[in-house]
Amino acid sequence: MNSDGMDIRIDIEQFCLRMCLAAKSYYNAVHTENDFSLYNTPVLDFVQATREPVSASSVALLCKNELYAKGLLQALQSVSERVSLYCSPEAARKKLGKQKPDLWIVTEDMTTQPDQPWRADKTTPVILIARDAAQGTEIVKNSGKLTVLSMPASLDALRDAVRKYIS
């Protein structure tokens, strides 16, 4: 508060938002009467320009370790808007029903579980995150449909592998 009892606070985000809304409202009201061509300059939305497009493809992430799975889920949010997390193959099979995801991401602890839906489908790609790359030879897939990443997975390598299959 200043000496005369008036307190002025400005929220920059709200200020900018209100200024933009006021300018848009003014333009909409008088654009047929005034010539705005003088102000016709290209404007770049830097937030949108730097943001990569997010895929609408479905990704099923299976991991027994809940904390690790949540970390992977968080990392994949920037790649696909439809990432589902499952802690067991039975939960994935029950939730997905007859729909199959566009990509399976499976950690090595899931490869010992019974009833593995990603093994039955030879056409849907699988990314296996394992300590031992030899585990990838146990999963029979069509050519080019299996990627094995070392555990712990590099987030950049995981995102790149996901982009390879869903973009």
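For the structure itself, look to the data block above.
Cut-offs applied
- Residues numbered from 1 in each chain as written.
- Predicted model: local features only at pLDDT ≥ 70, side-chain atom pairs only at ≥ 80, totals over all residues.
- Heavy atoms only, no water.
- Core = buried A, V, L, I, M, F, W, Y, C linked by side-chain atoms within 4.5 Å.
- Buried < 20%, exposed > 50% of the residue type's maximum accessible area, 1.4 Å probe, protein only.
- Helix = DSSP H or I, 4+ residues; strand = E, 2+ residues; numbered from the N terminus.
- Contact = heavy atoms within 4.5 Å.
- Pairing = 2+ DSSP bridges.
- Right-handed = clockwise from strand over helix to strand, strands pointing away.
- Expected span 1.5 Å × (residues − 1).
- Arc of directions from axis to C-beta.
- Salt bridge = Lys/Arg side-chain N within 4 Å of Asp/Glu carboxyl O.

Our next topic: the nonpolar core. Ranked by size, the top nonpolar core spans 19 residues in total, and within it Leu103, Ile105, Ile127, Ile129, Leu158 and Val162 carry the most contacts. Mapped by element, the contributors of at least two residues to this core are strand 1 (55-62), helix 3 (66-76), strand 3 (103-107), strand 4 (126-130) and helix 6 (155-166). Residue contributions to this core peak at five residues, all from helix 6. Look past the residues within four positions of Leu158 in its chain and what remains in contact with it is Leu72, Leu76, Ile105, Ile127, Ile129 and Leu149. Of all hydrophobic cores here, the second largest spans 12 residues; its members include Trp104, Val106, Trp118 and Leu128.

Let us look at the pairing of strand 1. Most of strand 1 is tucked away: seven of the eight residues are buried. Where strand 1 meets strand 2 (residues 80-86), six bridges bridge the pair, whose relative direction is parallel. Bridged to Ser55 within strand 2 is Ser80. Taken together, strand 1, helix 3 and strand 2 form a β-α-β motif whose crossover is right-handed. Where strand 1 and strand 3 come together, four bridges link them in parallel fashion. Within strand 3, the residue paired with Leu62 across the bridge is Val106.

Glancing now at helix 6. The end-to-end C-alpha separation of helix 6 is 16 Å, in line with the 16 Å expected for 12 residues at 1.5 Å each. Here helix 6 has its buried residues at Leu158, Arg159, Ala161, Val162, Tyr165 and Ile166. Summarising the axial view, the buried residues of helix 6 lie within an arc of 160°, below the 170-degree limit, and thus occupy one face. Across from the buried face of helix 6, at angles greater than 90 degrees, the exposed residues are Asp156 and Lys164.

Let's shift gears to the pattern of salt bridges. Scanning the model with the defined rule gives five salt bridges in all. Where Arg93 meets Asp115, a salt bridge forms, and the shortest distance between an N and an O atom there is 3.0 Å. Residue Arg93 is located in helix 4 (residues 89-96), and its partner Asp115 is located in the loop between strand 3 and helix 5 (117-120); the two are separated by 22 residues in the primary sequence. Given a relative accessible area of 37%, Arg93 falls into the partly exposed group.

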